[in-house]
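Chains, contacts and geometry: an overview
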Amino acid sequence: MTDTFQILATLVAVQIVLALAPERETRRVLAAAILSRRDGLAATAGVWAIGVVWAILGLVALAVIGALPAPVPEAIRIACGLHLVWLGLRTVRRSFRDATGCDADVAATPAEAFRGGVLSALAAPEAILRYLSILAVTGAASLSLGEQALAAVAMPSATALWNACLAVGAARPPIDRVLRRGAALIARLLAGARARIVVDHR
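Residues numbered from 1 in each chain as written. Predicted model: local features only at pLDDT ≥ 70, side-chain atom pairs only at ≥ 80, totals over all residues. Heavy atoms only, no water.

Turning to the nonpolar core, a few remarks are in order. Residues L11, L62, I134, L135 and M155 are the most contacted members of the largest nonpolar core, which totals 28 residues. Contributions of two or more residues to this core are made by α1 (3–20), α3 (37–66), α4 (72–95), α5 (110–122), α6 (127–137) and α7 (145–170). A total of seven residues in this core trace back to one element, the largest contributor, which is α6. The residues touching M155, leaving out its near neighbours within four places in the chain, are L11, Q15, A55, Y131, I134 and L135. (Core = buried A, V, L, I, M, F, W, Y, C linked by side-chain atoms within 4.5 Å. Buried < 20%, exposed > 50% of the residue type's maximum accessible area, 1.4 Å probe, protein only. Helix = DSSP H or I, 4+ residues; strand = E, 2+ residues; numbered from the N terminus. Contact = heavy atoms within 4.5 Å.)

The following block contains the structure:
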């Protein structure tokens, strides 16, 4: 396995783990999918579009940090790792609350569902820090410009794939009930996996 493939595979794996934990964007997709599968997929597309923008901004931030004098980049890399650990702890904390709620403001058409996905993702600019943390911890700075561009598309695409699966599944009432009942347990398990990934890449 080449270093480039290993870094890209790790980026996608970390992003998948992060995507599985219920967040604002996921709740928006589920809310739309409960109305119809088409609305859920439209919301997924809206979240993906903004996700690519956030990932590109994360890459820009990574490049700026890389130009700073030592040991600043390494210190920021450690801080990014700690941020991912904090995200895991936050996921555990939230899992003890109501982790199954969906947004009340649901769409009536696919166009409105797409707009809702866009607005939901725009309301979470902290995703830039999340992408930056993943890129820094996994060593994406060593990738070529083209490979970094691929990573910027691949990470939100991994999230979109999971959201699309949710959109298809949530349109079926039995699957939706299982997702709702198991959300808290899933969140706790994923938080542990997230922390393990950070430790493995220190």
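An ideal rise of 1.5 Å per residue puts 16 Å on 12 residues; helix α2 (residues 24–35) measures up with 18 Å between its terminal C-alpha atoms. Among all positions in α2, only E25, T26, R28, V29, L30, A31, A32 and A33 are buried. (Expected span 1.5 Å × (residues − 1).)

Viewed as axis vectors pointing N to C, α3 and α6 meet at an angle of 55°, and their least axial separation amounts to 8 Å. Relative to α6, the element α3 lies oblique. Where α3 crosses over α6, the two elements pack in a sense that is right-handed. Of the residues in α6, those in contact with G51, W54, A55, L57, G58, L59, A61, L62 and I65 of α3 are A127, I128, Y131, L132, L135 and A136. Classifying every residue of the contact of α3 with α6 gives 13 nonpolar, two polar and no charged. (Axes fitted to C-alpha atoms, helices over the stretch in contact; angles between N-to-C directions. Parallel < 35°, antiparallel > 145°, perpendicular 65-115°, else oblique. Left-handed = near helix turned anticlockwise from the far one by under 90°. Nonpolar A, V, L, I, M, F, W, Y, C, P; charged D, E, K, R; others polar.)

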